[in-house]
Amino acid sequence: MKGKLRYIVIGVVVLVVLVAALPFLIDANKFRPTVEEELSTVLQRQVKIGDLRLSLWSGSLTADNLSIADDPAFSRSAFLSAKSFRVGVELTPLIFSKTLHITGLTIEKPAVTQLRNPAGKWNYSSLAATGSGQSSSSAPKSSGASTDLTIKKLELKDGRMAVGSTISPKQTVYDGLNLEASNVSLNSQFPLSMSAKLPGGGSLKLDGKTGPVDHTDASLTPMSAKLAISGLDLARTGFLDPASGIAGLMDMNSDISSAGGKAKAKGTLKLEKFQMAKGGSPAGTPINVDFDSDYDLRRSAGTLNDGTVKIGNAVAHLAGTFET
């Protein structure tokens, strides 16, 4: 019995030594060009990562830096950057055949910049572009990497998103950005959940499904989700023209869906201290609205099909068109 126990202990020690030694026997940096090429081909943006290290305990490759290039028509700076990046991998093929199978991506504290040009186009519109919307100068050349990559789990943790335009240095910052998605593919629908802190306080939470990615304009990718917004400062969203003078605080709960560049939203919202025009006075009474609207994502214009507005005991019904 003592002899068997001795062999078991020796076996365990040998196994531990082998596991501890494997990261030194496998040159993780050998896979850096493969990871960069896979992600660059999928995103159609140049992707750069720092030195890779293998962690057997987490089953992943880790890097200190990540950079995803912006569309050069918008900026020469990075669209997304992060100081910590983890790539989940299948260990068996990595150890025994030195082949890389990516299973997950985790980006810690990413910094994302969203820019819109005067024509209303966003810099993320050309992400994963393979059609007429692709900028030839921003699309990396591929030596055979597949665009049909599926990621079992994608996570962005504690990020920061800056929203602005190409004609002004002023940007609005959203902190506490967290995103989680599973079975991510460009060519099929997948579930996602996102949350963020809003400028000036408040919070945003979105749960739903999106995809497949629109390869001519990623901003037109279909989506179906529930959106909850609390304490949004309308004057500081970064999405509304400051010259409009629209201001106030908004809470909203809505079901949203979009396809083919057309979006639909139905739900309720509450406005406090609402101001509709520059130089106007904020409303002293909260405004509650039940709404049903359609929106054209290409034209940034929409139709209010049915709106019930309640101000104190007064009730009004509205319908018409609007532009943002």
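Here, every reference points to the structure presented above.
First, a word on scope: everything that follows refers to the structure included in this document.

**A few points about the overall build of the chain**
For the chain, the helix and strand inventory stands at three helices and 18 strands. By residue count, 41% of the 324 residues in the chain fall in the buried class. Excluding contacts between residues fewer than 6 apart, the proportion of contacts in the chain whose partners are at least 24 apart in sequence is 50%.

**Here we look at the side chain of aspartate 233**
Topologically, aspartate 233 is positioned in strand S13 (residues 223-233). Residues contacting aspartate 233, with those up to four places away along its chain left out, are Pro199, Gly248 and Leu249.

**Concerning the nonpolar core**
Note that soluble globular proteins tend to have their nonpolar side chains buried in a common cluster. Counting 61 residues, the largest nonpolar core has Leu66 and Phe85 as its most contacted members. Once residues within four sequence positions are removed from consideration, leucine 66 is found in contact with Val47, Lys48, Ile49, Leu80, Ser81, Ala82, Phe85 and Ile107.

**Here's the deal with the pairing of strand S15 (residues 262-275)**
With 12 bridges connecting them, strand S14 (residues 247-259) and S15 associate as antiparallel partners. Of the residues in S15, the one forming a bridge with serine 254 is glycine 267. Where S15 and strand S16 (residues 287-296) come together, 10 bridges link them in antiparallel fashion. Bridge pairing in S16 places lysine 262 opposite aspartate 296.

**A few points about unusual backbone geometry**
A cis amide bond links glycine 211 with the next residue in sequence, proline 212, at an omega value of -5°. Along the polypeptide, proline 212 turns up in the loop between strand S12 (203-210) and S13. Backbone geometry at aspartate 158 places phi at a positive 50°, although glycine is not the residue there. Within the secondary structure, aspartate 158 sits in strand S9 (residues 151-165).

**Comments concerning helix H2 (residues 32-43)**
Taking 1.5 Å per residue, 12 residues should reach 16 Å; H2 reaches 16 Å between its end C-alpha atoms and fits that length. Turning to H2, its buried residues are Val35, Glu36, Glu38, Leu39, Ser40, Thr41 and Val42. In this structure, the buried residues of H2 make contact with strand S1 (47-49), strand S2 (52-55), strand S6 (84-89) and strand S7 (102-108). Following H2 by one or two positions, glutamine 44 adopts a phi angle in the positive range, close to 55°.

**Focus on the environment of aspartate 214**
For aspartate 214, the position within the fold is in the loop between S12 and S13. Between the alpha carbons of aspartate 214 and leucine 127 there is a distance of 9.3 Å; along the sequence they are 87 residues apart. In this structure the side chain of aspartate 214 is engaged in a polar contact, spanning 3.0 Å, whose partner is the backbone nitrogen of aspartate 217.

**Description of the packing of aromatic side chains**
The final tally for this structure, using the stated rule, is two aromatic pairs. With a centroid separation of 5.9 Å and an interplanar angle of 25°, the aromatic rings of tryptophan 122 and tyrosine 124 are classed as stacked. Relative to phenylalanine 322, the ring of tyrosine 295 has its centre 6.1 Å away and its plane inclined at 20°; by these criteria the two rings are stacked. Taken together, the residues tyrosine 295 in strand S16 and phenylalanine 322 in strand S18 (residues 314-323) connect sequence positions 27 residues apart. Owing to a relative accessible area of 31%, phenylalanine 322 belongs among the partly exposed residues under this scheme. One Lys or Arg, arginine 45, reaches over the ring of phenylalanine 79 and ends 5.5 Å from the middle of that ring.

**Some words on the pattern of salt bridges**
This structure, assessed with the given rule, holds 12 salt bridges. One salt bridge in this structure joins aspartate 290 and lysine 310, with 3.9 Å as the shortest N-O distance. Of this pair, aspartate 290 sits in strand S16 while lysine 310 sits in strand S17 (residues 301-311); the two residues are 20 residues apart in sequence, bridging distant segments of the chain. Judged by relative accessible area, which is 34%, aspartate 290 ranks as partly exposed. On the accessibility criterion, lysine 310 (36% relative accessible area) is partly exposed. Members of the salt-bridge network, linked through shared partners, are Lys262, Asp296 and Arg299.

**What to know about the side chain of threonine 221**
Assignment of secondary structure puts threonine 221 in the loop between S12 and S13. Exposure remark for threonine 221: the relative accessible area of 13% places this residue in the buried category. From its side chain, threonine 221 meets the backbone nitrogen of aspartate 214 in a polar contact 3.1 Å long. At a separation of 2.8 Å, a polar atom in the side chain of threonine 221 contacts the main-chain carbonyl oxygen of alanine 218. Look past the residues within four positions of threonine 221 in its chain and what remains in contact with it is Thr210, Gly211, Pro212, Val213, Asp214 and Ser258.

Reading guide: rules and limits
- Residues numbered from 1 in each chain as written.
- Predicted model: local features only at pLDDT ≥ 70, side-chain atom pairs only at ≥ 80, totals over all residues.
- Heavy atoms only, no water.
- Helix = DSSP H or I, 4+ residues; strand = E, 2+ residues; numbered from the N terminus.
- Buried < 20%, exposed > 50% of the residue type's maximum accessible area, 1.4 Å probe, protein only.
- Contact = heavy atoms within 4.5 Å.
- Core = buried A, V, L, I, M, F, W, Y, C linked by side-chain atoms within 4.5 Å.
- Pairing = 2+ DSSP bridges.
- Expected span 1.5 Å × (residues − 1).
- Polar contact = N/O pair within 3.5 Å; in protein donor to acceptor, adjacent residues only side chain to side chain.
- Phe/Tyr/Trp six-rings, centres within 6.5 Å; stacked < 30°, edge-to-face > 60°.
- Lys NZ or Arg CZ within 6 Å of the ring centre and 35° of its normal.
- Salt bridge = Lys/Arg side-chain N within 4 Å of Asp/Glu carboxyl O.

The quantities given are spatial measurements derived from coordinates; they are silent on function.
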